[in-house]
Amino acid sequence: MSTDPARPRMRADARRNREEILRAAREVFADQGPDAPLDEIARRAGVGIATLYRRFPTRPDLLRGVAAEVFTAVDAAARRAAGAQSDPADALRRFMHAALDLKIGSVVPALLGHITAGELFGRERDDAADPVETVDRLLARARAAGAIRPDVVFGDIVLMIIRLSRPLPGGGRIPDDDALAHRQLDLYVDGLRPSGSPRPATPLGGPAVDAAAFTRIRERVIDDARADVD
C-alpha cells in the first residue's frame, strides 16, 4: 500500500472530474445532440480537453459513460425515495423531480443510434443499474397506501418524466424551461391523487406562463425564425 498522502486526494480529484464530465456531457448532449463538440463538454465540466480524453478516450466511450450514469442516477433516486420513512406520495414526488433533473427524455433519444441499445440500457454490463423494479416498488407502495389512484401504473410515471424532460420547441428561447417542467410535474403528481383526497397545500413553483406571457414567447419565437430565414 502506498503511503503517499497525495494519492487519495488524486483519486478523489479523478472521481470528481469524471462526475463533472458526465454531468456536463449529459447536459450538452441533451441540448445539442451526441455530436456536440467535446471542447464544450470539457469547458462546462471545468477540465481540460486532455483530462476528458484520459477518462473517455473516444466519443462512444463518453456516450456509454453518460448512459450508465443516467440510469444509475435514476435508480439511486428511486432507492432513496423508496427508503425514506415518509408519505409514499411525497416519496414518489421527490423521485419524479429528481429524475426530471436528469433529463432522461432528452439524453436517451440523443444516444440512440450512436451506441447499441444493449450499451444504452446496460444489457452488456454486469453492474448495470436497472431502475424499473425500484420505481415499480415505489409506485406499488404509494398505491397500497392509498396515496395515489389505484389504476396508476409504471408507464404513467416514467413516460411523463420522459415527456417533461424534453425541451420545449424554440431553441432555448423559453425562459426557465426547467423550472416550468417542475411546475407542470407538480400539477401532474397532484392529479395522481385518489378521488376525495384533500387539495394539495404546497404552492406551485416555477414560472406562471399566462396567456399574455405565452403570446410574448410565441412572438419572439416567430421573430427569431424569420431572422434565421433572412
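Structure: above.
Cut-offs and rules
Residues numbered from 1 in each chain as written. Predicted model: local features only at pLDDT ≥ 70, side-chain atom pairs only at ≥ 80, totals over all residues. Heavy atoms only, no water. Helix = DSSP H or I, 4+ residues; strand = E, 2+ residues; numbered from the N terminus. Buried < 20%, exposed > 50% of the residue type's maximum accessible area, 1.4 Å probe, protein only. Contact = heavy atoms within 4.5 Å. Areas by Shrake-Rupley, 256 points an atom, 1.4 Å probe, with all protein chains shown as cover. Expected span 1.5 Å × (residues − 1). Polar contact = N/O pair within 3.5 Å; in protein donor to acceptor, adjacent residues only side chain to side chain. Salt bridge = Lys/Arg side-chain N within 4 Å of Asp/Glu carboxyl O. Axes fitted to C-alpha atoms, helices over the stretch in contact; angles between N-to-C directions. Parallel < 35°, antiparallel > 145°, perpendicular 65-115°, else oblique. Left-handed = near helix turned anticlockwise from the far one by under 90°. Nonpolar A, V, L, I, M, F, W, Y, C, P; charged D, E, K, R; others polar.

S.K.: Just give me the short version of the overall build of the protein chain, but keep the residues and values in it.
M.R.: A tally of regular secondary structure across the protein chain gives 11 helices and 0 strands. Seen in sequence order, the protein chain has helices and strands lined up from the N terminus as α-α-α-α-α-α-α-α-α-α-α. When the 230 residues of the protein chain are sorted by exposure, 38% land in the buried category. Partitioning the contacts of the protein chain with sequence separation of at least 6, the portion at a separation of at least 24 is 68%. With the model as given, the accessible surface of the protein chain reaches about 13,200 Å², and the carbon-plus-sulfur share is 53%.

S.K.: Residue-level account of helix α5 (residues 88-101), with values.
M.R.: For α5, spanning 14 residues, the distance from its first C-alpha to its last is 20 Å, which sits close to the expected 20 Å at 1.5 Å a residue. In terms of residue burial, α5 counts as a mostly covered element, since 10 of its 14 residues are buried. Where α5 is buried, its residues touch α4 (59-83), α6 (104-111), α8 (131-144), α9 (154-164) and α10 (177-191). Backbone nitrogen of Ala 89 and a side-chain oxygen of the N-cap are separated by 3.1 Å at the start of α5; the cap is Asp 87. Positive backbone phi, at 55°, marks Lys 103, one or two positions downstream of α5.

S.K.: Pulling in residues and values, what's your account of the environment of Arg 137?
M.R.: Considering the arrangement of structural elements, one finds Arg 137 in helix α8. The sequence separation of Arg 137 and Arg 79 amounts to 58 residues, and the corresponding C-alpha distance is 9.4 Å.

S.K.: Can you tell me about the pattern of salt bridges, naming the residues and giving the values?
M.R.: Tallied over the full model, the rule gives 16 salt bridges. The partner of Asp 13 in a salt bridge is Arg 16, with the nearest N and O atoms 2.3 Å apart. Within this pair, Asp 13 and its partner Arg 16 are both found in helix α1 (residues 6-32), separated by 3 residues, close to a single helical turn. Arg 43 is the partner of Glu 40 in a salt bridge, and the nearest nitrogen-oxygen pair spans 2.8 Å.

S.K.: So, α10: which residues are in play, and what are the values?
M.R.: The terminal C-alpha atoms of α10, which comprises 15 residues, lie 21 Å apart, in line with the 21 Å expected from a rise of 1.5 Å per residue. Buried within α10 we find Asp 177, Leu 180, Ala 181, His 182, Arg 183, Leu 185, Asp 186, Val 189 and Asp 190.

S.K.: Run through the packing of α4 against α5, naming residues and quoting values.
M.R.: Put simply, α4 and α5 touch, their axes get as near as 9 Å, and they point 165° apart. As judged from the angle between their axes, α4 and α5 are roughly antiparallel. For the element pair α4 and α5, the recorded crossing hand is right-handed. Contacts between α4 and α5 involve Val 74, Ala 77, Ala 78 and Ala 81 on the former and, on the latter, Ala 91, Phe 95 and Ala 98. Considered class by class, the residues forming the contact of α4 with α5 number 7 nonpolar, no polar and no charged.

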